[in-house]
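Working through the structure, step by step
So you can see what is in the structure, the chains are spelled out below.
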Amino acid sequence: KLAEINAAIEEVKAIAANEGTALSTLYNETISAYGPGEGSRFGFLHSVYGFQAASEDLENSTHGAQISYEQILEINPDILFVVDRMSATGEQSNVTEAIENDIVNKTNAAKNGKIVYLNGALWYLAGGGLTSELDKVNEVINALK
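Remember, predicted model here, so these are calculated numbers, not experimental data.

Looking at the overall build of the protein chain
Scanning the protein chain from N- to C-terminus turns up eight helices and six strands. Sequence-ordered secondary structure for the protein chain, helices as α and strands as β, is α-β-β-α-β-β-α-β-α-α-α-β-α-α. By the compact-globule yardstick of 15 Å for 145 residues, the protein chain fits well, its C-alpha radius of gyration being 14 Å. Projected onto its principal axes, the C-alpha positions of the protein chain cover 40 × 35 × 25 Å. Burial analysis of the protein chain (145 residues in total) assigns 46% to the buried set.

Right, here's the structure in full:
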């Protein structure tokens with residue numbers, strides 16, 4: 001299983017090398033953004049998967065920092081990763097309507113069809129298992145192929 005995960009990570013790294021910058025976010029009626037460093041809940045998108053950080057100035061923590069739509073536009077990522085916490089916890093979510101608004105739609109990510117909605121239960125609740133980690137890598141690969 002580890003060999004399978006490592007092969008998938010190498011595949012996602014090859015994709016990441018050609019995708020430009022990425023911003024990882026979590027939607028929970030508001031948006032939190034996550035830095036690329038250690039201690040960041042989604043920092044492995046950068047450190048392991050190889051996506052270039054759209055901003056080095058974001059908080060590296062498990063909870064991230066609340067961010068506005070205007071700040072997302074200012075950062076202007078080429079890829080916007082969105083984890084929907086609300087759906088992960090069984091709440092009704094309007095994530096697509098909230099994210100795909102007039103401001104965010106001006107970003108490179110939106111213009112190029114690279115707003116990537118990640119499975120909330122997998123990315124927010126599942127942690128560190130061999131199957132879930134492989135599923136995470138494959139979800140990113142499939143979204144960007």
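A look at helix H1 (residues 2-16)
Under the 1.5 Å per step criterion, the end-to-end length of H1 is 21 Å for 15 residues, consistent within 8% with the ideal 21 Å. By the burial criterion, the buried members of H1 are Ile5, Ala8, Ile9, Val12, Ile15 and Ala16. Down the axis of H1, the buried set is contained in an arc of 115°. They therefore lie on one face. Where H1 is buried, its residues contact helix H8 (130-144).

Some remarks on the environment of isoleucine 9
For isoleucine 9, the location among the structural elements is in helix H1. Separated by 49 residues in the primary sequence, isoleucine 9 and leucine 58 have C-alpha atoms spaced 24 Å apart. Not counting chain neighbours up to four residues away, the residues in contact with isoleucine 9 comprise Val48 and Val137.

Looking at the nonpolar core
Judged by nonpolar contacts, the single largest core of 28 residues is most densely connected at Phe42, Tyr49, Phe51, Phe81, Trp123, Val140 and Leu144. Listed by contribution, the elements that provide at least two residues to this core are H1, strand E1 (21-27), helix H2 (44-47), strand E5 (79-84), strand E6 (115-118), helix H7 (120-125) and H8. Tallying contributions element by element places H1 first for this core, with six residues. If you look at the next biggest cluster of nonpolar residues, it comprises 17 residues, including Val95, Ala98, Val104 and Ile115.

Analysis parameters
Residues numbered from 1 in each chain as written. Predicted model: local features only at pLDDT ≥ 70, side-chain atom pairs only at ≥ 80, totals over all residues. Heavy atoms only, no water. Helix = DSSP H or I, 4+ residues; strand = E, 2+ residues; numbered from the N terminus. Rg over C-alpha atoms; globule rule 2.2 N^0.38 Å. Buried < 20%, exposed > 50% of the residue type's maximum accessible area, 1.4 Å probe, protein only. Expected span 1.5 Å × (residues − 1). Arc of directions from axis to C-beta. Contact = heavy atoms within 4.5 Å. Core = buried A, V, L, I, M, F, W, Y, C linked by side-chain atoms within 4.5 Å.

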